[in-house]
Amino acid sequence: EDKVVQSPLSLVVHEGDTVTLNCSYEVTNFRSLLWYKQEKKAPTFLFMLTSSGIEKKSGRLSSILDKKELFSILNITATQTGDSAVYLCAAPPGNNRKLIWGLGTSLAVNP
Amino acid sequence: EAGVTQFPSHSVIEKGQTVTLRCDPISGHDNLYWYRRVMGKEIKFLLHFVKESKQDESGMPNNRFLAERTGGTYSTLKVQPAELEDSGVYFCASSLAGAGPLHFGNGTRLTVT
């Protein structure tokens, strides 16, 4: 059965800390992995990763994929209170457009 | 550009009643998806429209759920009759053709009492 597992489920840090969120996957005919941020309502797109070892970066956020070990990490440096959210990882099996989701990591950044 | 909009934002109904959720995708997005998150569980796929056609409805829980997208614009998801286990947040998402990222609406929180 296809599955995506995220860890940790919850994380509390102080402003300025660096965090690493993990996402492992077992997905049939894997092609891509996506990261989303969900603050209050709608998940918003962060990154889509398709190639192993190539880091994607957006400001203080970065992500990388390891297709050999079947995982991805999302790094956030110099965290701010505005980074507090649930970070979701998802992958579509094969050419299918439906996404298999992890439970998410709930990140709380305290001032 | 207006985002994906969903209505209502919250609905509370009694078991056995009917509820209809609506989703307006981003204009021009042919692909429309319905997902559901039950408390404590992962977001689960329900179905996928390409324009007005159901491309994949393998995630629909049972025949109490009916999704439509007449004219290929907005979509409705009707639950009839609602059961307690239907409670959750129903998300709609849309995307352009191809493998682009999904754009989500704020979701409809459905509570069945």
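Our subject is the structure listed above.
Heads up: these notes are all about the structure in this document. It should be emphasised that the depicted structure is a prediction, and the values quoted were computed from it without experimental measurement.

## Points about the overall build of chain B
When helices and strands are tallied, chain B shows 0 helices and 11 strands. Starting at the N terminus and walking to the C terminus, you meet the elements of chain B as β-β-β-β-β-β-β-β-β-β-β. Its C-alpha atoms give chain B a radius of gyration of 13 Å, near enough to 13 Å, the size a compact globule of 113 residues would have. If one aligns the C-alpha atoms of chain B with their principal axes, the spans along those axes are about 40 × 25 × 25 Å. A sequence separation of at least 24 residues applies to 51% of the contacts in chain B between residues at least 6 apart. Accessible surface, chain B: about 5,600 Å² in total, of which carbon and sulfur atoms supply 49%. Charge separation in chain B, taken as the distance between the mean sites of 12 positive and 12 negative side-chain charges, equals 4 Å.

## Points about the side chain of Asp86 of chain B
Within the secondary structure, Asp86 of chain B is located in the loop between strand E8 (75–79) and strand E9 (88–95). Beyond its immediate sequence surroundings of up to four residues, Asp86 of chain B is in contact with Arg36, Arg64, Phe65, Val79, Pro81, Leu110 and Val112 of chain B.

## Here's the deal with the state of the cysteines
Residues and elements named next belong to chain A. Under the definition given, this model contains 2 disulfides over all chains. The residue that forms a disulfide with Cys23 is Cys89, at a sulfur-sulfur distance of 1.8 Å. An S-S torsion of about -65° defines the bridge between Cys23 and Cys89 as left-handed. Of this pair, Cys23 sits in strand E3 (residues 19–26) while Cys89 sits in strand E9 (residues 85–91), and the two are 66 residues apart along the sequence.

Analysis parameters
Residues numbered from 1 in each chain as written. Chains lettered and ligands numbered in written order. Predicted model: local features only at pLDDT ≥ 70, side-chain atom pairs only at ≥ 80, totals over all residues. Heavy atoms only, no water. Helix = DSSP H or I, 4+ residues; strand = E, 2+ residues; numbered from the N terminus. Rg over C-alpha atoms; globule rule 2.2 N^0.38 Å. Contact = heavy atoms within 4.5 Å. Areas by Shrake-Rupley, 256 points an atom, 1.4 Å probe, with all protein chains shown as cover. Lys, Arg positive; Asp, Glu negative; His and termini not counted. Charge placed at Lys NZ, Arg CZ, Asp CG, Glu CD. Disulfide = S-S within 2.5 Å.

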